Amino acid sequence: MSQFDRTAGSEPDADTDSDSESDAAPAARTESELLPADVFSTLGNDTRVDILRALLELGADDHPVSFTALFDQVDIDDSANFSYHLRQLTGHFVKQSDDGYEFRYPGRKVVSSIFTGALTERAQLGFFPVEGSCYACDGELHGWYVDDTLSIGCVDCGAVQVSYPFPSGGLDDRSTDDLLEAFHHYVRHHYCLAADGVCPECTGAVETSLVRDPADADLDVGVEHVCQRCQYSLQSTVGVTLLDHSDTLVFYANRGVDLNTEPFWQFDWCVSDEYTTVVSEEPLRVRLSLPCGDDKLDVLIDETVSVIETTVRERADRQ
């Protein structure tokens, strides 16, 4: 996968009408590609990593940093040597202007990966209690962190509610309750991005489809998201794709439940297919019946994981 330096293309023709603009191909752009081997070669130097760290410490996210301030921040005596290493970063990782130096997105991404520990640290966290109950046996839940992944599973039957990669820096200065809250938002955000067609890794276009008997999950039917740019792949239950669906959010909000803040693994329809029914094989369509109190929300979904219709069934209507 390559990162690109994108600059605006030419302005659209003034005679082009709005209807044709909406169907037009993406605007032309200038691309400069840095080969993967060159990326590692460029970053494989302590002084260059120190320059990126200095930019972070001097607030290059918010404003340009002058050459003098940057040089004074880095532990190096030879300004010519410093200038050489800064030039190796400038263009792809660092942007230079008359006001100084700022991060480009790849440079900021490197800083995030290195200095949050995502690339440099390994951490483990032993079992700790998690609020909620198992979808399979109603047993108690516990969480654990190993191999850069946070998992939540059942104490009694061993069923896993959720297991997802989570940067080790997310463990710093957090209680287990705070960690679980951060994990909820992080994973929910990734699933919702993928469901909206945006890759959580590279922001490329994601294709989403229903999958019968997915190989890596104990489900009769699941969802597969695949990025067309970097081939990032994410599998989930069908229910998780509804965490950002307006009718689902309103249904639960009207009954006092905020799906934005309530941990998604506490809802069985998010972590299993217990409430998912296949209603058609060709084309593949499923119906989810989401409970809340005495009421239910039926959601019909097609093979592209688009919602076809929703129906609220209140208890009084079913009697």
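Per an unreviewed UniProt entry, the chain goes by Winged helix-turn-helix domain-containing protein and derives from Natronoarchaeum mannanilyticum.

## Some words on the sheet that holds strand β11 (residues 284-292)
Read from one edge to the other, the open sheet built from four strands follows the order β10-β11-β12-β13, with strand pairing classed as antiparallel. Here the strands that pair on one side only, and so sit at the sheet edges, are β10 (276-281) and β13 (307-313). If you compare each strand with its neighbour and ignore which way they point, the axes differ by 15° on average. Bridge count between strand β12 (residues 295-301) and β13: six bridges; the pairing is antiparallel. Looking at the pairing, Ile-301 lines up with Val-307 of β13.

## Here we look at unusual backbone geometry
A cis geometry characterises the amide bond from Glu-282 onward to Pro-283, with omega recorded as 0°. Structurally, Pro-283 can be placed in the loop between β10 and β11. A positive phi angle, near 70°, is found at Asp-138, a position not held by glycine. Counting through the fold element by element, Asp-138 comes out in the loop between β3 (125-133) and β4 (140-146).

## Topic: helix α7 (residues 176-195)
Across its 20 residues, α7 extends 28 Å between first and last C-alpha, which sits within 8% of the 28 Å expected from 1.5 Å per residue. All of the buried residues along α7 are Leu-179, Leu-180, Ala-182, Phe-183, His-184, Val-187, Arg-188, His-190, Tyr-191, Cys-192 and Ala-194. One or two residues past the end of α7 sits Gly-197, with phi positive at roughly 90°.

## Here's the deal with the packing of aromatic side chains
One pass over the full model with this rule turns up 15 aromatic pairs. Ring plane angle 40° and centroid distance 5.7 Å describe the contact between Phe-267 and Trp-269, whose orientation is recorded as tilted. For the pair Phe-267 and Trp-269, one class covers both residues: buried. Grouping aromatic residues by their ring pairs yields a cluster made of Tyr-164, Phe-166, Phe-183, Tyr-186, Tyr-191, Phe-264 and Trp-265.

## Quick look at helix α3 (residues 46-57)
An ideal rise of 1.5 Å per residue puts 16 Å on 12 residues; α3 measures up with 16 Å between its terminal C-alpha atoms. Among the residues of α3, those classed as buried are Thr-47, Arg-48, Val-49, Ile-51, Leu-52, Ala-54 and Leu-55. N-cap assignment for α3: the residue whose side-chain oxygen lies 2.9 Å from the backbone N of Thr-47 is Asn-45. One or two steps after α3, the chain reaches Gly-59, where phi turns positive at roughly 85°.

## Quick notes on the pairing of strand β9 (residues 233-236)
Alternating residues of β9 divide into Leu-234 and Ser-236, all buried, and Ser-233 and Gln-235, none buried. Of the pairings in the sheet, the one linking strand β8 (residues 221-227) to β9 comprises four bridges and is antiparallel in character. Looking at the pairing, Val-226 lines up with Ser-233 of β9. Hairpin geometry of β8 and β9 is characterised by an intervening segment of five residues between the two adjacent antiparallel strands and by a positive phi of about 65° at Gln-231.

How each quantity is defined
- Residues numbered from 1 in each chain as written.
- Predicted model: local features only at pLDDT ≥ 70, side-chain atom pairs only at ≥ 80, totals over all residues.
- Heavy atoms only, no water.
- Pairing = 2+ DSSP bridges.
- Helix = DSSP H or I, 4+ residues; strand = E, 2+ residues; numbered from the N terminus.
- Axes fitted to C-alpha atoms, helices over the stretch in contact; angles between N-to-C directions.
- Expected span 1.5 Å × (residues − 1).
- Buried < 20%, exposed > 50% of the residue type's maximum accessible area, 1.4 Å probe, protein only.
- Phe/Tyr/Trp six-rings, centres within 6.5 Å; stacked < 30°, edge-to-face > 60°.
- Polar contact = N/O pair within 3.5 Å; in protein donor to acceptor, adjacent residues only side chain to side chain.

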